[in-house]
Amino acid sequence: VLGVFGFVGTFKKCLLLQPDNFDINLELAMINFNNLVNYQEAEIYFKKCIELNSERKDLYKHLFSVYQRLKKHTNSSDVCISLGDLYMKDDDLENARNAYNCATYFNEKSAICHWKLGFVMYKLGHLDLALIR
């Protein structure tokens, strides 16, 4: 039986041959996050997955979880902004609002967070909330 460490070693060898293989990067990210609880390694692979497929919202959610565990609040905010932008692109204003609100929570001094939250509030028709941003 290979065990988790054997799989990781095998996947890493495969990445030497195919560094842009999305599935292998995702597998390594999930193993490091869930099984090995190695958030620094998981961060590397989730970021690579986002580089390879920037439209998958689940990758941003996983990376957000990694940053939460690493207590990287500014990075958490940045991921929420990117996720909110994806929701805006899909015209999913409620989820965009939630993502931007989360971004503002983790980086309350960021003008871009406040601007994006205000903009989505405006688009949702909450002019009173948009104005205070």
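Quick caveat, the model's predicted, so the values are computed rather than measured.

Student: Requested: an account of the packing of aromatic side chains, with residues and values cited.
Tutor: Taken as a whole, this structure holds 6 aromatic pairs when the rule is applied. On the basis of an interplanar angle of 70° and a centroid distance of 5.8 Å, the ring pair of Phe64 and Phe106 is categorised as edge-to-face. Within this pair, whereas Phe64 is found in helix α4 (residues 57–70), its partner Phe106 is found in helix α6 (residues 93–106), the two being separated by 42 residues in sequence. Since its relative accessible area comes to 17%, Phe106 is described here as buried. Ring geometry for Tyr105 and Phe106: centres 5.0 Å apart, planes at 85°, overall edge-to-face. By way of ring pairs, the aromatic residues Phe33, Tyr39 and Phe46 are connected into one cluster.

Student: Let's hear about the nonpolar core: which residues, and what values?
Tutor: Counting residues in each nonpolar core, the largest one holds 33 residues, and the members touching the most others are Phe46, Leu59 and Val120. When residues of this core are traced back to their parent elements, those giving at least two are α1 (3–17), α2 (22–35), α3 (39–52), α4, α5 (73–89), α6 and α7 (111–123). Among the elements that take part in this core, α2 stands out by supplying 7 residues, more than any other. Not counting chain neighbours up to four residues away, the residues in contact with Phe46 comprise Leu26, Ala29, Met30, Phe33, Leu59, His62, Leu63 and Val66.

Student: Could you give an account of the packing of α5 against α7, naming the residues involved and the relevant values?
Tutor: Relative orientation of the contacting elements α5 and α7 amounts to 25°, with a least axis distance of 11 Å. Judged by the angle between their axes, α5 and α7 are roughly parallel. Like other packed secondary-structure pairs, α5 and α7 cross with a definite hand, here left-handed. Counting all contacts with α5, which are made through Ser77, Ile81, Asp85 and Met88, the residues of α7 involved are Ile112, Cys113, Lys116, Phe119, Val120 and Lys123. Looking at side-chain class alone, the contact of α5 with α7 contains 6 nonpolar, 1 polar and 3 charged residues.

Reading guide: rules and limits
- Residues numbered from 1 in each chain as written.
- Predicted model: local features only at pLDDT ≥ 70, side-chain atom pairs only at ≥ 80, totals over all residues.
- Heavy atoms only, no water.
- Phe/Tyr/Trp six-rings, centres within 6.5 Å; stacked < 30°, edge-to-face > 60°.
- Helix = DSSP H or I, 4+ residues; strand = E, 2+ residues; numbered from the N terminus.
- Buried < 20%, exposed > 50% of the residue type's maximum accessible area, 1.4 Å probe, protein only.
- Core = buried A, V, L, I, M, F, W, Y, C linked by side-chain atoms within 4.5 Å.
- Contact = heavy atoms within 4.5 Å.
- Axes fitted to C-alpha atoms, helices over the stretch in contact; angles between N-to-C directions.
- Parallel < 35°, antiparallel > 145°, perpendicular 65-115°, else oblique.
- Left-handed = near helix turned anticlockwise from the far one by under 90°.
- Nonpolar A, V, L, I, M, F, W, Y, C, P; charged D, E, K, R; others polar.

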